[in-house]
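Architecture at a glance
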Amino acid sequence: MATQACVTAPLPGPYGLTWEQQAGRACVVCGHRLTTGAVNRGWLFGKHGAHSIDVEVWCCPKTKKES
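Thresholds, definitions, all that
- Residues numbered from 1 in each chain as written.
- Predicted model: local features only at pLDDT ≥ 70, side-chain atom pairs only at ≥ 80, totals over all residues.
- Heavy atoms only, no water.
- Helix = DSSP H or I, 4+ residues; strand = E, 2+ residues; numbered from the N terminus.
- Buried < 20%, exposed > 50% of the residue type's maximum accessible area, 1.4 Å probe, protein only.
- Areas by Shrake-Rupley, 256 points an atom, 1.4 Å probe, with all protein chains shown as cover.
- Core = buried A, V, L, I, M, F, W, Y, C linked by side-chain atoms within 4.5 Å.
- Contact = heavy atoms within 4.5 Å.
- Salt bridge = Lys/Arg side-chain N within 4 Å of Asp/Glu carboxyl O.
- Polar contact = N/O pair within 3.5 Å; in protein donor to acceptor, adjacent residues only side chain to side chain.

**Here we look at the overall build of the protein chain**
- Scanning the protein chain from terminus to terminus reveals one helix and four strands.
- Starting at the N terminus and ending at the C terminus, the protein chain contains elements arranged as α-β-β-β-β.
- Per-residue burial over the protein chain gives 25% buried out of 67 residues.
- A total accessible area of about 4,800 Å² is found for the protein chain, and carbon and sulfur atoms account for 57% of it.

Printed below as a string of C-alpha cells:
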C-alpha cells in the first residue's frame, strides 16, 4: 500500500493511463478498482498531435486507516 493517501498523492500525467483509469473505473494513483466513495481529482490535460486527450480522473476514498 502507498505511504500517502490517494486523495493527497500527486497526480500522474495524462499519458500512460490504463483504459480503466481513463474511464474513471480505477484509481488514477494506485490503479485499484473504484466502487462507492470515489473522489474526483479533477482533469488531466494533454494533446496527441491535434487530438485532445483530456480526461477526468478519480481516486480511492480516504479510509479510516489513512485519516
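There is more to say after this.
**Comments concerning the nonpolar core**
- Cys 6, Leu 17, Cys 27, Val 28, Leu 34, Leu 44, Val 55, Val 57, Cys 59 and Cys 60 together form the largest nonpolar core, which totals ten residues.
- A per-element tally of this core places strand β4 (residues 55–59) first, with three residues.
- What Leu 34 contacts, discounting residues up to four positions off in sequence, is Gly 24, Arg 25, Ala 26, Cys 27, Trp 58, Cys 59 and Cys 60.

**Quick word on the pattern of salt bridges**
- Under the definition given, this model contains one salt bridge.
- The partner of Arg 25 in a salt bridge is Glu 20, with the nearest N and O atoms 2.9 Å apart.

**Focus: the side chain of Gln 21**
- Within the secondary structure, Gln 21 is located in helix α1 (residues 19–22).
- In terms of polar contacts, Gln 21 uses its side chain to reach the backbone carbonyl oxygen of Val 28, at 3.3 Å.
- Those residues in contact with Gln 21 that lie beyond four places of it in its chain are Ala 26, Cys 27, Val 28 and Gly 31.

All we've got here are geometric facts, nothing functional implied.
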